[in-house]
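As a plain string of letters, each chain reads:
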Amino acid sequence: MFRGKGTVLSGFLITFEGIEGCGKSTQVRLLETRLRGEGYRIVATREPGDGSLGEGIRDILLRRSSSAIAAMTELFLLVADRTQHVREIIRPALDENCIVISDRFGDSSMAYQGYGRGIDLDFIELLNNRATDNLVPDITFVLDMDAVTSLNRSQSRLMQQNLFEKEGRFEEENILFHQKVRAGYLDLARKHTDRIVLMDGTLEIAVAAQRIWNEVHERISGHHVLSGETEI
Ligand code: TYD
């Protein structure tokens, strides 16, 4: 069988993580565009929201009027969303040898529901493993920045787009919560140095995008990528 330039054999999962307003969605878009330009087959997706139950779960979780949701309920909803997301979107795309870029994945539950809300980390890890059939990203970018700045950014974006009622529940949490989530991501980055690349979220967009590209390019080149018309 011949495959053209840019084919990844066996799929490659890239995830982006960080507190609200850290700029990860912009970086997801830039990386997606660059990889497509290089001829790779890409599936870009996000959590919560991209499985078939996603919009409903997203609506319940992000709406400000859902303030009575218990932390454990929140976790179960997010893990339910992740279960569908992996089965319906991520796993089939990886099986088709695509590069999958997910805006948030299992580390979000560790950071928000674990470090942020105080649910036992081992329990969340167990749920994540069951939900994803032990799927671990090949590389995870954590965009780190000060919680006050990022929260201000995120809140003003929601206000400008008139989305605060519909999507503002996490932005409404106090700053201490967001600081705990940030510290959680830093801790996860220390624990998983082989997988997680910690990035300074205050870098200029183009500079951060180039660093992300360098990391991704190096790993996919050294991993499964074929270049040119290679017979396999
Ligand atoms: P979203 O509007 O997608 O924000 P962002 O651009 O920051 O990703 O909202 C997703 C929210 O859900 C965000 O505040 C983080 C939260 N979340 C968790 O608390 N745990 C999780 O496992 C996931 C996937 C998201």
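Residues numbered from 1 in each chain as written. Predicted model: local features only at pLDDT ≥ 70, side-chain atom pairs only at ≥ 80, totals over all residues. Heavy atoms only, no water.

**A look at the sheet that holds strand 6 (residues 139–144)**
Spatial strand order, 4-5-3-6-7: five strands in an open sheet with parallel pairing. The outermost strands of the open sheet, each flanked by one partner alone, are strand 4 (42–46) and strand 7 (196–200). Ignoring strand direction, the axes of neighbouring strands in this sheet form an average angle of 20°. Relative to strand 7, strand 6 runs parallel, the two sharing five bridges. Its bridge partner lying in strand 7, Phe141 is registered against Val197. (Pairing = 2+ DSSP bridges. Helix = DSSP H or I, 4+ residues; strand = E, 2+ residues; numbered from the N terminus. Axes fitted to C-alpha atoms, helices over the stretch in contact; angles between N-to-C directions.)

**A short note on the environment of Glu32**
Considering the arrangement of structural elements, one finds Glu32 in helix 1 (residues 24–37). Looking at Glu32, the relative accessible area reads 19%, which means it is buried. Spatially, the C-alpha atoms of Glu32 and Val100 are 9.2 Å apart, while their sequence positions differ by 68 residues. Each residue touching Glu32, except ones within four places of it in the same chain, is listed here: Ile42, Ala44 and Ile101. (Buried < 20%, exposed > 50% of the residue type's maximum accessible area, 1.4 Å probe, protein only. Contact = heavy atoms within 4.5 Å.)

**A closer look at the confidence of the model for the protein chain**
The pLDDT averaged across the protein chain works out to 91; a share of 91% of its residues lies at or above 70. Low pLDDT, under 50, characterises residues 225–232; the predicted model gives this stretch 25 contacts beyond four residues in sequence or across chains. (pLDDT = per-residue confidence, 0-100.)

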